[in-house]
Amino acid sequence: MHNAIVANLDNPARAPVLDPRSRVIYALLVVIVVLEVLYFAFSDFYLGAYAIGSIYTMICAAILFAFYLRRRHFTRVALIFEAFALPGIAGGLAVIATTFLAAESFPFIDETLNAADRALGFDFPALLQIYRDNPDLTVASQRIYISFGVQSIAVPMLMAICWRDERLWTYLTAWYLALFTAVAIFPFAPAAGPYVLHGVQEDVFGSLQRFFPWKTGPAIQALRDGTMRDIGEAARGLVSIPSFHAIGGVLFIAATWQFKWLKWPMLALNILMICTVIITGSHYLIDAIAGIATALAAWWIAARIVIRLGRKDQAAAQPTNAV
């Protein structure tokens, strides 16, 4: 038995480089990278201070290193590394993709989004006034909103460390499906944002004024008319429907629901975070609702994909009986 184990460890060819449940993620990753490289090669975008090459270098290094670890039988370490790297890689690719797609985008649909909010009985100026009357609420909202970045790293890492493999691959698959669904929708539904639509001035919160609510529309317009082509200048979070903060909030809740000690704090935190996307994130209410629906659909699809891939792998691993 000991000799068999040693022989297996000494033979890296016996270990697969991919967890079979990750195939959809890596397929999406390859497709997006190829499309972005091709678009960049045939467009007039250029590399300024922001080095897009570093993102693709990070992609190659992260994925190849995880492959190497798994092939050398360091499966747990490889999974932790993938849990850390894959969400960030997706985010970088999504920012670049929205930059490219903004150049080809349709007219702004703010009036349509605002009409949907009004049909739901929502009044953006009234909510904004509550924030203006309560400065502490503005500060708390911003802090809760930026928890998205911490959670996007901590949640998958926690699942990897705690051996929640199937749930981790479900979460990551849902993350990729939802993110690139949002990216695909973006050029058809760009928006300048409710601050611009309602004529809110930039000094509305004094020293706590948001930067991007008044910059998104001009950035998209500059990308359309060709006056902005430096990817470093253009690469920013261009908000639209659905809200990815709302998507992330739902996925964070679903991912941590199996942790008894964590699920209720995460539920409370992410309900609050979803509520912040309107004022702090410069979204319409309908953006948040669409984000919730997108996340639920992505999780449902991802769960079935991961289960099916896992079963296929188990079936393939079963020894066949000789006839």
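These figures come from a predicted structure and were not determined experimentally. (Residues numbered from 1 in each chain as written. Predicted model: local features only at pLDDT ≥ 70, side-chain atom pairs only at ≥ 80, totals over all residues. Heavy atoms only, no water.)

## Let's talk about the layout of surface pockets
Right, so step 1: Of the voids in this model, the second largest pocket is the one considered here, and its volume is about 230 Å³.
Right, so step 2: Of all the elements in the fold, those that place two or more residues in the lining of the second largest pocket are α2 (23-41), α4 (75-102) and α9 (165-185).
Right, so step 3: At four residues, the largest contribution of residues to the lining of the second largest pocket is made by α2.
Right, so step 4: Of the residues that constitute the lining of the second largest pocket, the class distribution is nine nonpolar, no polar and two charged. (1 Å grid on protein atoms, 1.4 Å probe; cavity = no way out; pocket = protein on both sides within 12 Å on 5 of 7 lines; lining within 4 Å. Points joined across faces, edges and corners; volume = space filled by probe spheres on them. Helix = DSSP H or I, 4+ residues; strand = E, 2+ residues; numbered from the N terminus. Nonpolar A, V, L, I, M, F, W, Y, C, P; charged D, E, K, R; others polar.)

## Re the nonpolar core
Right, so step 1: Core analysis: the biggest nonpolar cluster contains 65 residues, and Leu86, Ile89, Tyr171, Trp175, Tyr176, Phe180 and Tyr195 have the highest contact counts within it.
Right, so step 2: Counting residues per element, this core draws most heavily on α9, which supplies twelve residues.
Right, so step 3: Beyond its immediate sequence surroundings of up to four residues, Leu86 is in contact with Ile25, Tyr26, Leu29, Ile63, Trp169, Leu172 and Tyr176.
Right, so step 4: Membership of the second largest hydrophobic core comes to 14 residues, among which are Ile96, Ala219, Ala222 and Ala234. (Core = buried A, V, L, I, M, F, W, Y, C linked by side-chain atoms within 4.5 Å. Buried < 20%, exposed > 50% of the residue type's maximum accessible area, 1.4 Å probe, protein only. Contact = heavy atoms within 4.5 Å.)

## So, the environment of Leu251
Right, so step 1: Position of Leu251 relative to the elements: it lies in helix α13 (residues 244-256).
Right, so step 2: In this structure the C-alpha to C-alpha distance between Leu251 and Thr170, which are 81 residues apart in sequence, comes to 9.8 Å.
Right, so step 3: Apart from residues no more than four positions distant in its own chain, Leu251 is found in contact with Tyr171, Ala174, Trp175, Ala295 and Trp299.

## What to know about the confidence of the model for the chain
Right, so step 1: This prediction gives the chain a mean pLDDT of 86; 86% of its residues lie at or above 70.
Right, so step 2: Below a pLDDT of 50 lies the segment residues 1-10, which in the model reaches four contacts outside its immediate sequence neighbourhood of four places, other chains included. (pLDDT = per-residue confidence, 0-100.)

## Brief notes about empty space enclosed by the protein
Right, so step 1: Throughout the structure, instances matching the rule amount to one cavity of 30 Å³ or more.
Right, so step 2: Here the largest cavity is characterised by a volume of approximately 30 Å³.
Right, so step 3: Around the largest cavity, the lining residues are Ala191, Ala192, Gly193, Val239, Ser240, Ser282, His283, Tyr284 and Asp287.
Right, so step 4: Looking at the lining of the largest cavity residue by residue, the classes come out as four nonpolar, four polar and one charged.

## Topic: the packing of aromatic side chains
Right, so step 1: Taken as a whole, this structure holds 18 aromatic pairs when the rule is applied.
Right, so step 2: When the ring of Phe106 is compared with that of Phe188, the centres are 5.3 Å apart and the planes differ by 55°; the resulting orientation is tilted. In this pair, Phe106 is assigned in the loop between α4 and α5 (110-119) and Phe188 in the loop between α9 and α10 (194-197), connecting sequence segments 82 residues apart.
Right, so step 3: For Phe188, a relative accessible area of 52% translates into the label exposed.
Right, so step 4: Taken together, the ring pairs in this structure connect Phe148, Tyr171, Trp175, Phe244 and Phe252 into an aromatic cluster. (Phe/Tyr/Trp six-rings, centres within 6.5 Å; stacked < 30°, edge-to-face > 60°.)

## Here's the deal with the pattern of salt bridges
Right, so step 1: Scanning the model with the defined rule gives four salt bridges in all.
Right, so step 2: Across the pair Arg21 and Asp19 runs a salt bridge, and its minimum N-O distance is 3.0 Å.
Right, so step 3: Two residues, Arg70 and Glu82, come together in a salt bridge whose shortest N-O distance is 2.7 Å. Residue Arg70 is located in helix α3 (residues 52-71), and its partner Glu82 is located in helix α4; the two are separated by twelve residues in the primary sequence.
Right, so step 4: Classification of Arg70 by relative accessible area gives buried; the value is 5%.
Right, so step 5: On the basis of relative accessibility, which here comes to 1%, the residue Glu82 falls in the buried class. (Salt bridge = Lys/Arg side-chain N within 4 Å of Asp/Glu carboxyl O.)

## Topic: the side chain of Lys263
Right, so step 1: One can find Lys263 in helix α14 (residues 263-276).
Right, so step 2: Buried and unpaired, Lys263 has Glu166 as its nearest opposite-charge partner, separated by 17 Å.
Right, so step 3: Sequence-distant contacts of Lys263, that is, excluding residues within four places in its chain, are made with Thr256 and Trp257. (Lys, Arg positive; Asp, Glu negative; His and termini not counted.)

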